[in-house]
Amino acid sequence: MPSHLTDSTPADAAAKAEKDPQFAYTLAKGLEVLRAFDASSPTLSNRDIAMRTGIGRQTVVRLTRTLAQLGYLRYNEAAARYRLAAPVLSFGYPLLCQLGVRQLARPHMQELADFARGAVSLAIRGGDQLVLIETCIDRNAPSGRPDVGAGRHFHDTSLGHAYYCSASDAERAEIEALQRARDPQGWPVLQQRLAASRAQFDAHGYCIVPSPGAGLVAITVPVGVIEDERIMLNCVVAQFHLQPDTMEKQIAPRLFNLVRILREPTGRRT
């Protein structure tokens, strides 16, 4: 099943279970437990997981114990908290291996990251977010970087906006439904922002979205469909490095050139 069709929440799982008697609801909840962990919360208690997922605490206790016995979670008895264990990484490895575009892109991405004094990433859709599959950062940048597996939201990132703008009408409608459900009150404002991004994308082929709180500006262009995945390419730069037209006049042409390089060996023009 394509990754963009798998929205993993207990409510979604329940709806699917009612419609499909073959749907493994317990498996869905177990995967939701694994998804509860993120970079800002690498360790969680059973109570934390229950609050984050909406799954009953007793069910969470059974699921975390099972996942720990299988090796996917590690339990700290003194702190009564779990963390993801190394075998979880093996899930993504086959996918990363089949995406040969990563190896082809890496040296060009590094060159652009050094030029822009920022970070350059490739991303694909994973349910309700974009997931980085390759990333390079300016060699002279301080420590700290986006890394493979990091997620980016649809509503406030150039990756999300550019993916939305380059998607089919049906997929755009699906993304809009996800965003309305995520924040019904904020949807009218987001709808206006997405419309502005579509106008920019239709005119120039890219989306530029600033993150004022983080002091960053990002630009994203679509690479196309490779190995059945719609791949996006973006560059993120600190605002203090930018002149008024840096993104449009210097970064965008280099992104488009990299897209041409990545498309030629694959023969993909989608």
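Residues numbered from 1 in each chain as written. Predicted model: local features only at pLDDT ≥ 70, side-chain atom pairs only at ≥ 80, totals over all residues. Heavy atoms only, no water.

Considerations on the sheet that holds strand β1 (residues 43-44)
- Ordered by their spatial adjacency, three strands build an open sheet running β1-β3-β2, and the pairing between neighbours is antiparallel. Since the sheet does not close on itself, it has two edges, and those belong to β1 and β2 (73-76), each with one partner.
- Here β1 pairs with strand β3 (residues 81-84) via two bridges, running antiparallel. Its bridge partner being in β3, Leu-44 is matched across the sheet by Tyr-82. (Pairing = 2+ DSSP bridges. Helix = DSSP H or I, 4+ residues; strand = E, 2+ residues; numbered from the N terminus.)

Re helix α8 (residues 169-182)
- Between its terminal C-alpha atoms α8 stretches 20 Å, which fits the 20 Å expected from 14 residues at 1.5 Å a residue.
- Among all positions in α8, only Glu-171, Arg-172, Glu-174, Ile-175, Leu-178 and Gln-179 are buried. On an axial view of α8, the arc spanned by its buried residues comes to 160 degrees, and they lie on one face. Turned more than 90 degrees away from the buried face of α8, the exposed residues are Asp-169, Ala-170 and Ala-181. (Expected span 1.5 Å × (residues − 1). Buried < 20%, exposed > 50% of the residue type's maximum accessible area, 1.4 Å probe, protein only. Arc of directions from axis to C-beta.)

Some points on unusual backbone geometry
- Positive phi, normally seen in glycine, also occurs at Ala-80, with a value near 55 degrees.
- With respect to the secondary-structure elements, Ala-80 resides in the loop between β2 and β3.
- Under the relative-accessibility criterion, Ala-80 is labelled partly exposed at 35%.
- With a phi close to 55 degrees, Arg-117 is a non-glycine residue in the positive phi region.
- Summarising the element assignment, Arg-117 is placed in the loop between α6 (101-116) and β4 (118-126).

Topic: the pairing of β4
- For β4, the buried fraction is high: eight of the nine residues fall into the buried class.
- By the bridge criterion, eight bridges tie β4 to strand β5 (residues 129-137) in an arrangement that is antiparallel. Its bridge partner lying in β5, Ile-124 is registered against Val-131.

Topic: the confidence of the model for the chain
- Chain-level pLDDT for the chain is 87 on average; 90% of the residues reach the 70-or-more range.
- Counting contacts from residues 1-11, a segment whose pLDDT is below 50, to residues more than four positions away or on other chains yields 27 contacts. (pLDDT = per-residue confidence, 0-100. Contact = heavy atoms within 4.5 Å.)

Overview of the nonpolar core
- Formed by 31 residues in total, the largest nonpolar core has its most connected members in Leu-122, Ile-219, Val-223, Leu-233, Cys-235 and Leu-255.
- Elements with a contribution of two residues or more to this core: α6, β4, β5, β8 (216-226), β9 (229-238) and α10 (246-266).
- By residue number, the principal contributor to this core is α10, which donates seven residues.
- Setting aside its immediate chain neighbours within four residues, Leu-255 contacts Leu-112, Ile-219, Val-221, Leu-233 and Cys-235.
- Listed in part, the 17 residues of the second largest apolar core include Leu-132, Tyr-164, Cys-207 and Met-232. (Core = buried A, V, L, I, M, F, W, Y, C linked by side-chain atoms within 4.5 Å.)

Thoughts on the sheet that holds β5
- Taken in spatial order, the six strands make up an open sheet running β6-β5-β4-β9-β8-β7, and their pairing is antiparallel. If you trace the sheet from one side to the other, it starts and ends with β6 (151-152) and β7 (207-211), each paired once.
- Strand direction decides the pairing type here: β4 and β9, joined by six bridges, are antiparallel. Note that in β9 the partner of Ser-121 across the bridge is Asn-234.

Looking at the packing of helix α7 (residues 158-166) against α8
- Between α7 and α8, the least distance of the axes is 8 Å, while the angle of their chain directions is 140 degrees. Classed by the angle they form, the pair α7 and α8 counts as oblique. Contacts between α7 and α8 pair Tyr-163, Tyr-164 and Cys-165 from the former with Glu-171, Arg-172, Ile-175 and Glu-176 from the latter.
- Grouping the constituent residues of the contact of α7 with α8 by class yields four nonpolar, no polar and three charged. (Axes fitted to C-alpha atoms, helices over the stretch in contact; angles between N-to-C directions. Parallel < 35°, antiparallel > 145°, perpendicular 65-115°, else oblique. Nonpolar A, V, L, I, M, F, W, Y, C, P; charged D, E, K, R; others polar.)

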